[in-house]
Amino acid sequence: MKEPVRHTVTAALPYANGPLHIGHIAGAYLPADIYVRCLRARGKEVLFICGSDEHGAAITIRAMKEGTTPRAIVDKYHALMGQAFADFGIHFDIYHRTSSELHKETSQAFFLKLNENGAFTQQEEQQYYDEEAKQFLADRYIMGTCPSCGNPDAYGDQCEKCGSALSPKDLIDPRSTLSGAKPVLKATSHWYLPMERSQQWVEEWINTGMLDGVQHHDPKEWKPPVLGQCNSWLKDGLRPRAMTRDLDWGVPVPLPGAEGKVLYVWLDAPIGYISATKQWAKDKGADWEKWWKADDTRLLHFIGKDNIVFHAIIFPILLKMHGGYVLPQNVPANEFLNLEGKKISTSRNWAVWLHEYIERWPGRQDELRYALASILPEFKDSEFTWKDFQDKNNNELVSILGNFVQRVFVLCHKYYNGKVPEPAGGNEQDVLLWAELNVLPAKVSEEVDRFRFRDAMASAMQAARLGNKYLTDTEPWKLEKTDPERVRTILYNSLRITAALSVLLEPFLPYTAQKLRTMLGLVKLNWDDALRADLIKPGMTLGRAEHLFKPIDDAAIAAEVERLHAMEPATPSSAEPNTAPTPAAVAKPNISFDDFAKLDLRVGTITGAERVPKADKLLKLAIDIGEATPRTVVSGIAQHFAPEQLVGQQVVLVANLEPRKMRGVESQGMVLMAEDATGKLVFVQAKDVLEAGAEVR
């Protein structure tokens, strides 16, 4: 593989029918921003692209509900989202929109080239039609019961509960979202992408990284959940997918006889990355093509897990069939962020809206960036709570980072009138300090390159931890009268650590990094400058000592939790009797410790999942516990989980259970599950992601 000369980084185009919430930020935009900031600090050539996705049925539905037009809806939310991104410190090179004339021209030309290349088949099909509303129903105009998980409110293109990709005819008991009526099937004609023709090369590309006989990327760098979801699709066999829709809001299909039809939003939207690049290049007088067509460009898509197959399968097929474009070298999708014990729900207003946070917590963007970066759902779903937000602020930002910088500046102002002291010779204590600090820049950048942003931020914060320990161990306030030369060296070293923090924390806490540079009298630095010996010069004037962060009290957190619950739609009165069942009492007899010690419990990762034929309750799982080949385990959870939900899921496995056959399949262990009184199943798992095969004791 060629070392890339430039990096084209896209962040999922947010849908312009509502504001941004913290789930969106943790899913795609904060990870992308951290990645881009780190690359730029290291001198890499990067283009960071985003914009509003402004077509599709959901926008017309919202417009109808609000008694307005789709244009009014997208104008409102494009402006709101763009401002929220900017205020939060997520800085794209361009924030474009798919309702622009340039995007219309770009996507229509793209479609025509695909059509010219024979990428489509035109066929008549039976599509759902609402006789009351008198129109064909796009996928999002239809709801029904998901055949995979039983969710009664699945959409016609995807179940948002289990993530299954659907077609409207897959739904059980479909209903129109326009009138509520049961739709009827009626003939219409559409252009289809026969994805089955690409099955072979996509499968090879996804799993080996080979493209047209050349090593395109290393699949080991892709996240297991991403590979798992792609392979689930591939195992089922790629099928034709309609690339046009019967709608009056979208990019018109530019062919004769296609009146009243628009491009499918999942053809239209990813082309938005290309049209945004064109607009940026036009504004800058630059060349757009090298960012999409040069083989020394690295293309990356940052998205949430609900968009994986569109970016890792469908869009690459479209790019390849068009010809001349590079394909993504990675699609580092994140899982979902939950909120206070529940899934984030825009329809139920169970969300922390980004623009409202910025209004209520002015100047405290980095506190939320830090809290979210520390819990990014990189490999499994994670959870935001206001209490954890408070703890992260008070116990880490205030007590570790803020405390260190505050102490250093207070002492420098007290002893040296706000000037950088002249250091004397160091000792073994200083040598050990720099030995630990010198490894951090490479460690942080390596973890960022692997999309492990939680670990990267923890490594950057390690500089502040080392600084605090250094001050505590040396106690310069006690040495000032007896050994002033030593104190000068200690505080000079501490100022150098502060300068290093202004570099290492820039990708994560850009506002704080700027404050540190201002306090030190420094300009923005490159990554390699973090521990430069001559960065802090004796005699330099320091800014005043100030608190980087303020403690958050319980009252502020209680107000946020109360606000969250107050916004949620009303639930049944608390006066109603509680009919929820209570957990069963412990009834099994005691066992000896020796009996318990016989269990060999191992952490494993599900690498494959499929239904067991003719068995409604059984799933066949492939579980990696660090052995030469994954274990085959049969589990009775098919009525609770869809197979495509499970790949990448970490579990605890009873590894020394006697094998037994179930429906002709030998099961080599048992997955541990917890079940509440309502019958809901939850995987027993470690809080953090562990290596496959880690022992549970």
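Residues numbered from 1 in each chain as written. Predicted model: local features only at pLDDT ≥ 70, side-chain atom pairs only at ≥ 80, totals over all residues. Heavy atoms only, no water.

1. Description of the overall build of the chain
Inference 1: Regarding its fold elements, the chain presents 21 helices and 28 strands.
Inference 2: Viewed in the frame of its principal axes, the chain has a C-alpha envelope of about 90 × 75 × 60 Å.
Inference 3: Counting only contacts in the chain whose residues sit at least 6 apart along the sequence, the fraction spanning at least 24 positions is 73%.
Inference 4: Total accessible area on the chain is roughly 31,200 Å²; 50% of this is exposed by carbon and sulfur atoms. (Helix = DSSP H or I, 4+ residues; strand = E, 2+ residues; numbered from the N terminus. Contact = heavy atoms within 4.5 Å. Areas by Shrake-Rupley, 256 points an atom, 1.4 Å probe, with all protein chains shown as cover.)

2. Topic: the packing of helix α12 (residues 386–416) against helix α19 (residues 554–567)
Inference 1: Contact pair α12 / α19: the axes reach a minimum separation of 9 Å and the direction vectors enclose 150°. Between α12 and α19, the crossing angle belongs to the class labelled roughly antiparallel. The crossing of α12 and α19 is right-handed. Touching W386, K387, F389 and Q390 of α12 are D554, I557, E560 and V561, all from α19.
Inference 2: Tallied by class, the residues present in the contact of α12 with α19 amount to 4 nonpolar, 1 polar and 3 charged. (Axes fitted to C-alpha atoms, helices over the stretch in contact; angles between N-to-C directions. Parallel < 35°, antiparallel > 145°, perpendicular 65-115°, else oblique. Left-handed = near helix turned anticlockwise from the far one by under 90°. Nonpolar A, V, L, I, M, F, W, Y, C, P; charged D, E, K, R; others polar.)

3. Details of helix α13 (residues 428–437)
Inference 1: For α13, the set of buried residues is D430, L433, W434 and L437. Each buried residue of α13 sits inside an arc of 90° when the element is viewed along its axis, so together they form one side. For α13, the exposed residues set more than 90 degrees away from the buried face come down to E428, V431 and L432.
Inference 2: Tucked into the core, α13 has its buried residues touching α14 (440–449), α15 (453–474) and α17 (484–504).
Inference 3: The distance from a side-chain oxygen at the start of α13 to the backbone nitrogen of Q429 is 3.0 Å, and the residue carrying that oxygen is N427. (Buried < 20%, exposed > 50% of the residue type's maximum accessible area, 1.4 Å probe, protein only. Arc of directions from axis to C-beta. Polar contact = N/O pair within 3.5 Å; in protein donor to acceptor, adjacent residues only side chain to side chain.)

4. Observations regarding the layout of surface pockets
Inference 1: Put simply, the second largest pocket is a space of about 1,100 Å³.
Inference 2: Along its surface, the second largest pocket is lined by 40 residues, and K220, E221, W222, K223 and R452 are the ones closest to its centre.
Inference 3: Listed by contribution, the elements that provide at least two residues to the lining of the second largest pocket are α1 (22–41), α6 (224–236) and β19 (601–611).
Inference 4: Among the elements that line the lining of the second largest pocket, the one with the most residues is α6, at 5 residues.
Inference 5: Residue composition of the lining of the second largest pocket, grouped by class: 16 nonpolar, 9 polar and 15 charged. (1 Å grid on protein atoms, 1.4 Å probe; cavity = no way out; pocket = protein on both sides within 12 Å on 5 of 7 lines; lining within 4 Å. Points joined across faces, edges and corners; volume = space filled by probe spheres on them.)

5. Here's the deal with α15
Given 3.6 residues per helical turn, the α-helix brings residues three or four places apart onto the same face.
Inference 1: Over its 22 residues, α15 extends 32 Å from the first C-alpha to the last, a length consistent with the 32 Å expected when each residue adds 1.5 Å.
Inference 2: A maximum bend of about 25° is found in α15 at M461.
Inference 3: E475 lies just past α15 and shows a positive phi near 50°. (Expected span 1.5 Å × (residues − 1). Bend = angle between axes of the 7 residues up to and from the residue.)

6. Overview of the nonpolar core
Inference 1: With 179 residues, the main nonpolar core has Y29, W292, F384, F389 and L401 as its most contacted residues.
Inference 2: The residues contacting F389, other than those within four sequence positions of it, are Y357, W361, E367, L368, A371, F384, I552 and I557. (Core = buried A, V, L, I, M, F, W, Y, C linked by side-chain atoms within 4.5 Å.)

7. Structural notes on the state of the cysteines
Inference 1: On inspection of all chains with the given rule, the structure shows 0 disulfides.
Inference 2: No disulfide involves C149; its nearest neighbouring cysteine sulfur is the one of C159, lying 3.6 Å away.
Inference 3: Residue classification places C149 among the partly exposed positions, given a relative accessible area of 22%. (Disulfide = S-S within 2.5 Å.)

8. A word on the pairing of strand β2 (residues 45–52)
Inference 1: Within β2, 7 of the 8 residues are buried, which leaves the element mostly enclosed by the surrounding structure.
Inference 2: The sheet contact formed by strand β1 (residues 6–11) and β2 spans 5 bridges and is parallel. Note that in β2 the partner of T10 across the bridge is I49. (Pairing = 2+ DSSP bridges.)

9. What to know about the environment of G426
Inference 1: Considering the arrangement of structural elements, one finds G426 in the loop between α12 and α13.
Inference 2: Of the residues examined, G426 reaches a relative accessible area of 61% and is grouped as exposed.

10. Considerations on the sheet that holds strand β3 (residues 94–97)
Inference 1: Taken in spatial order, the 4 strands make up an open sheet running β3-β2-β1-β15, and their pairing is parallel. Every interior strand has two partners, whereas the edge strands, β3 and β15 (297–302), have only one. The mean angle between the axes of side-by-side strands here comes to 25°, regardless of whether they run parallel or antiparallel.
Inference 2: Here 4 bridges tie β2 to β3, and the two strands are oriented parallel to one another.

11. Examining the side chain of S494
Inference 1: Along the chain, S494 turns up in helix α17.
Inference 2: Judged by relative accessible area, which is 0%, S494 ranks as buried.
Inference 3: Here S494 is in contact with F404, V408, Y470 and L471, once residues within four sequence places are set aside.

12. Topic: the pairing of strand β21 (residues 631–635)
Inference 1: In terms of burial, β21 is a largely internal element, 4 of the 5 residues being buried.
Inference 2: Where strand β20 (residues 619–624) meets β21, 5 bridges bridge the pair, whose relative direction is antiparallel. If you follow K620 over to β21, its bridge partner there is V634.
Inference 3: If you look at the hairpin formed by β20 and β21, you'll find 6 residues sitting between the two strands, and G626 has a positive phi there, around 85°.

13. Structural notes on the pattern of salt bridges
Inference 1: All told, the structure shown has 38 salt bridges when counted by the stated rule.
Inference 2: Its salt-bridge partner being D75, residue R71 comes within 3.3 Å of it at the nearest N-O pair. Pair noted here: R71 and D75 are both in helix α3 (residues 70–87), with a separation of 4 residues, about one helical turn.
Inference 3: In this structure R71 comes out as partly exposed when scored by relative accessible area, which is 33%.
Inference 4: The shortest N-O distance in the salt bridge between R697 and E695 comes to 3.8 Å.
Inference 5: Three or more residues are tied together by salt bridges with common partners; here these are D33, R37, R369, E506, R517 and K524. (Salt bridge = Lys/Arg side-chain N within 4 Å of Asp/Glu carboxyl O.)

14. Focus on the environment of W434
Inference 1: Inspection of the secondary structure assignment puts W434 in helix α13.
Inference 2: Residue W434 is classed as buried on the basis of its relative accessible area of 13%.
Inference 3: The spacing of W434 and P4 is 430 residues in sequence and 32 Å in space, taken between C-alpha atoms.
Inference 4: Beyond its immediate chain neighbours, meaning those up to four positions away, W434 contacts N493, R496, I497 and L531.

15. As for the packing of aromatic side chains
Inference 1: Counting across every chain of the model gives 28 aromatic pairs.
Inference 2: Aromatic pair W280 and W291: ring centres 6.0 Å apart, planes at 90°, arrangement edge-to-face. In this pair, W280 sits in helix α7 (residues 265–284) while W291 sits in helix α8 (residues 290–293), placing the two residues 11 residues apart along the sequence.
Inference 3: Given a relative accessible area of 14%, W280 falls into the buried group.
Inference 4: Using a relative accessible area of 3% as the deciding quantity, one classes W291 as buried.
Inference 5: A connected cluster of aromatic rings, assembled from ring pairs, spans Y29, F48, F85, F92 and Y95. (Phe/Tyr/Trp six-rings, centres within 6.5 Å; stacked < 30°, edge-to-face > 60°.)

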